[in-house]
Amino acid sequence: MSVAKRPPDAAADRRAADRAEALARRMDSAIRVPLTPIRLGWDSILGLVPGVGDTLALVPGAYIIFLAHRTGVPKFTLGRMAVNSGLDWLIGLVPVLGDIFDIGFKANIRNAALLREHVDARHGTATTAHHVTA
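Just to check I follow, could you spell out helix α1 (residues 10-28) for this structure?
Given 3.6 residues per helical turn, the α-helix brings residues three or four places apart onto the same face. Taking 1.5 Å of rise per residue, the 19 residues of α1 would be expected to cover 27 Å, and the 26 Å separating its terminal C-alpha atoms lies within 8% of that figure. Taken residue by residue, α1 has A12, D13, R14, A16, A17, A20, E21, L23, A24, M27 and D28 as its buried positions. On its buried face, α1 sits against β2 (39-40), α2 (42-46), α4 (58-70) and α7 (107-123). The N-capping residue of α1, defined by a side-chain oxygen 3.2 Å from the backbone nitrogen of A11, is D9.

What am I meant to see in the pattern of salt bridges here?
For side chains bearing opposite charge, pairing can occur when the charged atoms are close. Under the definition given, this model contains three salt bridges. Note that D13 is salt-bridged to R122, the shortest N-O span being 3.5 Å. Placement of D13 in helix α1 and of R122 in helix α7 is noted, with a sequence separation of 109 residues between them. Given a relative accessible area of 0%, D13 falls into the buried group. For R122, a relative accessible area of 36% gives the class partly exposed. The partner of R116 in a salt bridge is E21, with the nearest N and O atoms 2.9 Å apart. In this pair, R116 sits in helix α7 while E21 sits in helix α1, placing the two residues 95 residues apart along the sequence. With respect to class, R116 is no different from E21; both count as buried.

Analysis parameters
- Residues numbered from 1 in each chain as written.
- Predicted model: local features only at pLDDT ≥ 70, side-chain atom pairs only at ≥ 80, totals over all residues.
- Heavy atoms only, no water.
- Helix = DSSP H or I, 4+ residues; strand = E, 2+ residues; numbered from the N terminus.
- Expected span 1.5 Å × (residues − 1).
- Buried < 20%, exposed > 50% of the residue type's maximum accessible area, 1.4 Å probe, protein only.
- Contact = heavy atoms within 4.5 Å.
- Polar contact = N/O pair within 3.5 Å; in protein donor to acceptor, adjacent residues only side chain to side chain.
- Salt bridge = Lys/Arg side-chain N within 4 Å of Asp/Glu carboxyl O.

Right under this line is the structure:
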């Protein structure tokens, strides 16, 4: 499926970055482990189901990369995003080690941050932007 190139639209690009950040928060840091600074999300929870969970968690990550593609993120950066997601998936397949890695690596947050950096560089920093933090 090919996505047609469109002229830069600052409002649409910022909405795409906002959607990516909201999804990344749900996937990587939605829940704080009580009495610790550790945050995890649905990616970590799905990762507890060997193989299948990590593969299912690729879908939201792919959507973040799709949003980045639509906003005109350069191919090199899209490649970095794909590597982030691929590493998260591959190491996530290893029992226990993958779960620990997943809690610290947060591929979706990294990818949403790359998208936000692109949007901010292209259109300037919005004063109302809500940046993702781990």
